[in-house]
Amino acid sequence: MSTLTLATLNVWGVRGDWPTRRDVLAREFAELAPDLITLQETIVTADYDQTQEFLDPAYYVVHQAAREPDGQGITTASRWPIGRIEEIDLHLTTRTTDFACTALITEILAPEPIGRIWLANHFPDWQLDHEQERRLQAAATAQMLEDLATHEPGHILVAGDFDAEADADSMRFWTGKHVVNDLSVCYRDAWASANPTERGHTFVPDNPHSNDWDWPYRRIDYILIRCALHGGPTLAVTACHRIFDHPHNIISDHYGLLAELTLPPTPSA
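Counting from 1, residues in each chain are numbered in the order their sequence is written. Since the coordinates come from a predicted model, pLDDT governs what is reported: local features require at least 70, and pairs of side-chain atoms require 80 or more to be given and counted, while whole-chain, interface and lining totals use all residues. Side-chain measures were taken over the full set of non-hydrogen atoms in the model, leaving aside hydrogen atoms and water.

Asks: Quick rundown of the sheet that holds strand β6 (residues 102-109)? Include the residues and the values.
Replies: Judged by pairing direction, the sheet is mixed, and its 6 strands sit side by side in the order β5-β6-β7-β8-β10-β9 without closing on themselves. Either end of the sheet is taken by a strand with one partner, and the two such strands are β5 (82-89) and β9 (187-189). Each strand of the sheet is rotated relative to its neighbour by a mean of 20°, with strand direction disregarded. Direction of pairing for strand β8 (residues 155-161) relative to strand β10 (residues 221-226): antiparallel, over a ladder of 5 bridges. Its bridge partner lying in β10, Gly160 is registered against Tyr222. Whether two residues touch is decided by their heavy atoms; if any such pair falls within 4.5 Å, the residues are in contact. Every axis corresponds to a line fitted to the C-alpha atoms, with the helix fit spanning only the stretch in contact, and the corresponding angles, defined between N-to-C directions, vary from 0 to 180 degrees. Put simply, DSSP H or I for four residues or longer makes a helix, DSSP E for two residues or longer makes a strand, and each gets a number counted from the N terminus. Against the sheet, helix α2 (residues 131-151) engages β5, β6, β7 (116-123), β8, β9 and β10, with an angle of about 165° to β7. For two strands to be treated as a pair, DSSP must find no fewer than two bridges joining them.

Right under this line is the structure:
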């Protein structure tokens, strides 16, 4: 097993016509059959698990523990067993107290030759004027990933609803173009790698579920792969495309992403 697929989608809770949206989600995810999934705005309470209504029960599923009062939060699903789980509290300033911002990190025990994957479902602050918070939250998540991988090496993937455009400080930090608190990292943006000339908007006013007529940030959902010392990302991007973006399957105010990743060629000696 030298390839994998990773999907990310903001599910939009149970808003709108949930029974119809649920059926589309179940059908489309069954057809896509991604190996790994990061979901945002899922509803999970003591009595209800929204993801059970549309995900294959064969997935290993981990939910954010510290959720919104209505149960909204994030969820990660994997075809392969999950080891260590870390949930990062991203309430790093006084402006973040009214939103369950977090990063859910799961150790994915994928079979060889890929092996261990550290997968972060990253869900920072959403407000337009909270880029300061998103920048700090990105650094906190990246630092935790660096610490984990130092002791237990593996591929590092980050995916989710980042609520920021590619030229924002938080995204420039992730992609190696900005330093936060003396920390720098470099992750490859899967969309930019596979589609360098395409905009890749995932949050647009003409989405029929959108309530935001001129939201200034339109490419806000990402799949990122940490880069190695040479060659670029430790898993090469062979494709990345939008999902849930056609009239017959738009089920959220976000479009999703699916990336196809593979082991890169072995560098020459």
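Asks: An account of the sheet that holds strand β2 (residues 36-43) is needed here, citing residue identities and associated values.
Replies: Strands sit in the order β3-β4-β2-β1-β12-β11 across an open sheet of 6 strands; the sheet is mixed. With partners counted over all chains shown, the strands left at the sheet margins are β3 (60-63) and β11 (236-243), one partner each. Within this sheet the neighbouring strands show an average axis-to-axis angle of 20°, counted without direction. Here β3 pairs with strand β4 (residues 72-78) via 4 bridges, running antiparallel. Bridge pairing in β4 links Val61 to Ala77. On top of the sheet, helix α1 (residues 18-32) reaches β1 (3-10), β2, β11 and β12 (256-262); it is set at about 160° to β1, its chief contact.

Asks: With reference to specific residues and values, describe the nonpolar core.
Replies: The nonpolar core is taken to be a set of buried Ala, Val, Leu, Ile, Met, Phe, Trp, Tyr and Cys residues, with the residues joined through side-chain atoms within 4.5 Å. Relative accessibility under 20% of the residue-type maximum defines a buried residue, over 50% an exposed one, and the middle range a partly exposed one, all with a 1.4 Å probe and only protein chains included. With 55 residues, the main nonpolar core has Leu4, Leu36, Ile117, Leu157, Phe173 and Trp174 as its most contacted residues. Among the elements that take part in this core, α2 stands out by supplying 7 residues, more than any other. Not counting residues within four places of it along the chain, the set of residues in contact with Trp174 comprises His122, Ala138, Thr141, Ala142, Val158, Phe162, Val185, Cys186, Tyr187 and Leu224. The next biggest cluster of nonpolar side chains, apart from the first, holds 17 residues, and it includes Leu9, Phe29, Ala77 and Ile251.

Asks: How would you summarise the layout of surface pockets if you had to cite specific residues and measurements?
Replies: For cavity detection a 1 Å grid was placed over the protein atoms alone, and a set of points counts as a cavity when a 1.4 Å probe fits there but cannot get out; an open set counts as a pocket when protein lies on both sides within 12 Å along at least five of seven lines, with lining residues being those that have an atom within 4 Å of a point. Grid points are joined across faces, edges and corners, and a volume is the space filled by probe spheres set on the points. In this model, the largest pocket occupies a volume close to 330 Å³. Lining the largest pocket are 18 residues; nearest its centre among them are Glu41, Trp126, Phe203, Asp212 and Asp253. Under this grouping Gly is polar, as are all residues other than the nonpolar Ala, Val, Leu, Ile, Met, Phe, Trp, Tyr, Cys and Pro and the charged Asp, Glu, Lys and Arg. Along the lines of polarity and charge, the residues of the lining of the largest pocket split into 7 nonpolar, 5 polar and 6 charged. Of the pockets and cavities examined, the second largest pocket occupies roughly 210 Å³. For the lining of the second largest pocket, the class distribution of residues is 7 nonpolar, 5 polar and no charged.

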